[in-house]
Amino acid sequence: MIRRSDFLLVFMLLMLFVSPSLFGGVNSMTKAIVSQGELKLFFAEPLEQQKIKHFTLPNPHRQVYDFIDTRLAHNRVPLGLGNHIRIAQNNATTVRVVIESRSPFKPIAYQPLFAKTAYHISLPKNSTHIHKGSSLAQQAYAKPQAQKTTSRRHTELIVIDPGHGGHDSGAIAGGKKEKELVLAISKKVEKQLKKRGYPVYLTRESDRFLKLDERTRIADRKDAKVFISIHANSIDKSKQDKMEGIETFFLQNTRDERAKRIAARENEAVLKGTDHVSKHVIIDSVLSGPKIVESNKLAIDIHKRMIANAKTLYRDVKDGGVRHAPFYVLVGASRPSVLIEVGYISHPKERQRLFTTEYQNILAKGIAEGIENYLFNRRKEIDF
Ligand SMILES: [Zn+2]
C-alpha cells in the first residue's frame, strides 16, 4: 500500500533525476579538456545551437562562447587547459568560455555528429606551440610530445575502416567484390603498421555490415589519431576500359563532377541500413567539417607513398590524384580522415592486379608509409 505522502516523496526524488530541461532547460557543463588542438567541452544534456552565443573581443584577441541556460557542474578549475583558456560561471545561468590568442584567428566550433552532448572549438596554433615566454602550463603540455618521437613504440592509434561488408558488397565486377578486396588490403595495412610499432584497430575484421555511425564512433571512442576508410572504385560497362587508377579523398564539399559521382556511389552504400541518420545533419557537418587542413595533408602523404610503391611493380599505374568530396563515412570522425579508392575493379587489367597478394602488399606498404610520414611531420608541428 502506498500512502499519499510516500508517493509525493518518490515523485520528488524522481524529478531530481529527470532531465533538467523539464525545469526551464538548464544544462550543465561537466568537463573541459584540450586535445588534438581543440578545446573539448562536455555537457550533461544535448546542446541546443541557439543557446550558444559566439563573439570576439579585441586587445588582446579573445574568442568568447556563452552557453546560455548552463551551469558549471562543479567549482573545480579544469587543469591543463593553459592560461589562454578561461571557463567561468559568468552569471547565474551563463557559462562563459574565453580563448585568448596572440593574433586574430577564426576558430572552427562544432558538435561532433554522434556526440550531441559535446562541443569542440579549435584552438589557435600558437596556443599549442612551445613559445619563448609561454606559460608553464603550456610547456608542461608540450614536453612529453617532443620525447615521443625518439621511441620506437608509438602510442598514436590508427583506425582502419574496410568499406562495406555483409549484405553490402560494394562494387562488383568480373565476379569480384569490393568488400573482399578492401578487407584483404586493410588487414595488410594493419600488419604493416604493427610492424612499425603502431597500435591499429580495424572497424571490421570479418565480412559483416557496419552502420555508418558505428564506423566513425569506433574511431572517436578509441581516440584514434587518424581514420582511414579503404574502398575500391567502379564505373559502368561503357567506360570500364577507360577509368583506372588510385585516388585519395578527404572530406570537403566539391564542384568536381567526377569526385561527386564517386561520393554519391559510396554514400548510397553506406546510408543503406542507416535508420536514424538525417541527411540534413550530415550535410551540415560536411560544410562545417573539422580537420580539413589536416585531412588534406594526410591524404597527400598517403597518396604519394601509394603511387610510389605501386609504380615499383607496375610502371603504368594511373595516378588519380588527391581530391575532396563529401563522403558521409568521413563526417562523423572528428580527426584527420581520408578515404582511399585503391583502384577500379571495373577495369579488367587493374582488377587482375588488385586481386594479387603482391599488389595488395605493395599498396598496404604505401598506405602505412604515408600514415607514418604524416604522423612524423605532425609530431613536430603541434600538440598531439
Ligand atoms: Zn566503397
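Residues numbered from 1 in each chain as written. Predicted model: local features only at pLDDT ≥ 70, side-chain atom pairs only at ≥ 80, totals over all residues. Heavy atoms only, no water.

What about the side chain of Glu369?
In this structure, Glu369 sits in helix α10 (residues 357-381). Within the structure, Glu369 has its side chain in polar contact with the side chain of Asn309 (distance 2.9 Å). The residues contacting Glu369, other than those within four sequence positions of it, are Arg196, Arg305 and Asn309. (Helix = DSSP H or I, 4+ residues; strand = E, 2+ residues; numbered from the N terminus. Polar contact = N/O pair within 3.5 Å; in protein donor to acceptor, adjacent residues only side chain to side chain. Contact = heavy atoms within 4.5 Å.)

Topic: the packing of aromatic side chains
One pass over the structure, following the stated rule, counts 4 aromatic pairs. Taking the centre distance of 6.3 Å and the plane angle of 65° together, the rings of Tyr65 and Tyr119 count as edge-to-face. Of the two residues, Tyr65 sits in strand β4 (residues 61-68) while Tyr119 sits in strand β9 (residues 118-122), which places them 54 residues apart along the sequence. Across the pair, exposure class does not vary: Tyr65 and Tyr119 are buried alike. (Phe/Tyr/Trp six-rings, centres within 6.5 Å; stacked < 30°, edge-to-face > 60°. Buried < 20%, exposed > 50% of the residue type's maximum accessible area, 1.4 Å probe, protein only.)

Notes on helix α4 (residues 212-221)
For α4, the complete set of buried residues consists of Leu212, Asp213, Arg215, Thr216, Ile218 and Ala219. The positive-phi residue at the C-terminal boundary of α4 is Asp223, with phi of around 55°.

Describing the pairing of β4
Of the pairings in the sheet, the one linking strand β3 (residues 52-57) to β4 comprises 6 bridges and is antiparallel in character. Residue pairing in the sheet places Leu57 in a bridge with Arg62 of β4. Once β3 ends, the chain turns through 3 residues before running back antiparallel as β4, passing Asn59 with a positive phi of about 50°. Where β4 lies against strand β7 (residues 94-101), 8 bridges are found, and the strand directions are antiparallel. Following the sheet pairing, Val64 is matched in β7 by Val98. (Pairing = 2+ DSSP bridges.)

Considerations on unusual backbone geometry
The phi dihedral of Asp69 falls on the positive side, at around 55°, and the residue is not glycine. If you trace the backbone, Asp69 turns up in the loop between β4 and β5 (70-72). In this structure, His164 is a non-glycine residue whose phi angle is positive, near 60°. Turning to its location among the elements, His164 is positioned in the loop between β10 (158-162) and β11 (172-173).

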